[in-house]
Amino acid sequence: MKKRAWFTGAAFAACAMLSSMFITLSAQGAPAPVKVTFVQEWPVADGFWIPWTLGKAKGFYLDEGIDLNIVAPPTVADTMKFLGTGRAEVAFTTVMDIIFAKEQGAPVIAIGRYGIGNNWGIFTQEGHPLTVSELKGKKIGIYNDAWTKAQLSLVLKSAGMTLDDVKMVAAADDTVPLLLQNRVDATTGITNAEGTELAVTGKQTPVFMPATAYGVPDTPIFMFAGNQQWLDKNPALAKAFMRATSRSIRYAIAHPGEAVAAFAAQYSKSFDADFVKRQWQDTMAVLGKPDSEQLKLNDRAWSELITAITGLGIVKQALPPAQYYTNDYLPLE
């Protein structure tokens, strides 16, 4: 009986050994994907995240050997903290966050754009257009951040005014209710966020005054950024991340219904279906053609922005454009 028990145990051990060897050989043939943490710009999911949410679900990142970990920061101020300290390898953030982080010596750099221009401006309710000069003395809903005030300053400057000529009403996280409740005469925002909300929630076509028509630089607002130390050590992985991201953006543009459905499946409690669908339509409108130039950054846009914000005293010591961004990790096609 003992011999049979020993034989059985030995047989199981042999099988286990063979199984272990097979797993090891399989693992050697197909390396495990590398975890890459991708921190977002906002604590709550929004439709801007649709491409990489879809790309992760479709396996585009796994195809590049990446186990993508999409993380929402505790607050909007934490995105660059996560990236700069290495708690995240890459980030979806804003151009001004990158500039401010660089001014503080953080090891971060833009590695691609999300949108080909500046779609920020001033909204008024449908049927109530205002000229810039007519904003004098009016209440304007704003976000209490430096770049909002900088852009508004430049718009007002085109009509010979300053921030002192208007009454700014700061919103904690959303300027749209201020306008819909008639608590302000106009509000600031972008076409694929506040503009979307006014259309869906307010059920109207708001009047939009694009800031670029009044002297504000046409610089993309949103960016992909990387931790420079991680980029230096993992250039191939960084390129793989951007290839998968580019592929995800193009696929989401070509298949908007599938893209919205993937986002809804992951973040169904964040927004209603009508809003997400409209937000992706509005976002596609500012992403540009899905070609090799779609994510590419350039000196001109950065130079114009740096000159404008330096002139307003927002940044004390500006750096050359090449220190804020690189195209080294973008796909060639």
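First things first, this report covers the structure right here in the doc. (Residues numbered from 1 in each chain as written. Predicted model: local features only at pLDDT ≥ 70, side-chain atom pairs only at ≥ 80, totals over all residues. Heavy atoms only, no water.)

**Section: unusual backbone geometry**
Note: most peptide bonds trans; most residues except glycine with negative phi.
Logical step 1: One non-glycine residue with positive phi stands out, namely Asn-182, at about 60°.
Logical step 2: Inspection of the secondary structure assignment puts Asn-182 in the loop between α7 (176-180) and β8 (186-190).
Logical step 3: Positive phi, close to 50°, is recorded for Lys-203, a residue that is not glycine.
Logical step 4: You can call Lys-203 exposed: its relative accessible area is 70%. (Helix = DSSP H or I, 4+ residues; strand = E, 2+ residues; numbered from the N terminus. Buried < 20%, exposed > 50% of the residue type's maximum accessible area, 1.4 Å probe, protein only.)

**Brief notes about the packing of aromatic side chains**
Logical step 1: Taken as a whole and judged by the stated rule, the model has 19 aromatic pairs.
Logical step 2: In textbook terms, an aromatic cluster arises when at least three aromatic residues are bridged by ring pairs, as seen for Phe-38, Phe-48, Trp-52, Tyr-61, Phe-92, Tyr-114, Phe-222, Phe-224 and Phe-241.
Logical step 3: If you follow Arg-87 out to its NZ or CZ, it ends over the ring of Phe-82, 3.9 Å from the centre. (Phe/Tyr/Trp six-rings, centres within 6.5 Å; stacked < 30°, edge-to-face > 60°. Lys NZ or Arg CZ within 6 Å of the ring centre and 35° of its normal.)

**Digging into the sheet that holds strand β3 (residues 90-94)**
Logical step 1: Read across the open sheet, the five strands follow the order β2-β1-β3-β10-β4; overall the sheet is mixed. For this open sheet the edge positions go to β2 (66-71) and β4 (108-114), each flanked by a neighbour on one side alone. For this sheet, the mean angle separating the axes of adjacent strands, direction not counted, is 25°.
Logical step 2: Bridge count for strand β1 (residues 34-39) against β2 is six bridges, and the pairing is parallel. Along β2, the bridge assignment pairs Thr-37 with Asn-69. (Pairing = 2+ DSSP bridges. Axes fitted to C-alpha atoms, helices over the stretch in contact; angles between N-to-C directions.)

**Quick look at the pattern of salt bridges**
Logical step 1: Under the criterion given, the structure shown has seven salt bridges.
Logical step 2: Across the pair Arg-243 and Glu-64 runs a salt bridge, and its minimum N-O distance is 2.8 Å. One end of the pair, Arg-243, is in helix α10 (residues 235-254); the other, Glu-64, is in the loop between α3 (60-63) and β2, with 179 residues separating them in the sequence.
Logical step 3: The exposure class assigned to Arg-243 is partly exposed, which follows from its relative accessible area of 39%. (Salt bridge = Lys/Arg side-chain N within 4 Å of Asp/Glu carboxyl O.)

**Considerations on the layout of surface pockets**
Logical step 1: There is about 1300 Å³ of room inside the largest pocket.
Logical step 2: In terms of lining residues, the largest pocket is bounded by 42 residues, among which Glu-41, Trp-42, Val-76, Thr-94 and Tyr-143 are the most central.
Logical step 3: Looking at the lining of the largest pocket, the elements that each hand over two or more residues are α4 (79-84), α5 (95-103), α6 (146-157), β8, α8 (194-200) and α12 (273-287).
Logical step 4: With five residues, the single largest contributor to the lining of the largest pocket is α5.
Logical step 5: Across the lining of the largest pocket, the residue classes break down as 23 nonpolar, nine polar and ten charged. (1 Å grid on protein atoms, 1.4 Å probe; cavity = no way out; pocket = protein on both sides within 12 Å on 5 of 7 lines; lining within 4 Å. Points joined across faces, edges and corners; volume = space filled by probe spheres on them. Nonpolar A, V, L, I, M, F, W, Y, C, P; charged D, E, K, R; others polar.)

**Focus: the pairing of β4**
Logical step 1: Within β4, seven of the seven residues are buried, which leaves it mostly tucked inside the rest of the structure.
Logical step 2: Where β4 and strand β10 (residues 222-227) come together, six bridges link them in antiparallel fashion. Note on β10: the bridge partner recorded for Ile-109 is Gly-226.

**Quick word on the sheet that holds strand β6 (residues 139-143)**
Logical step 1: Taken in spatial order, the five strands make up an open sheet running β7-β6-β8-β5-β9, and their pairing is mixed. The open sheet is flanked by β7 (167-171) and β9 (207-210), the only strands paired with a single partner. On average, adjacent strands in this sheet sit at an angle of 35° to one another, irrespective of strand direction.
Logical step 2: Relative to β9, strand β5 (residues 120-124) runs antiparallel, the two being bridged by four bridges.

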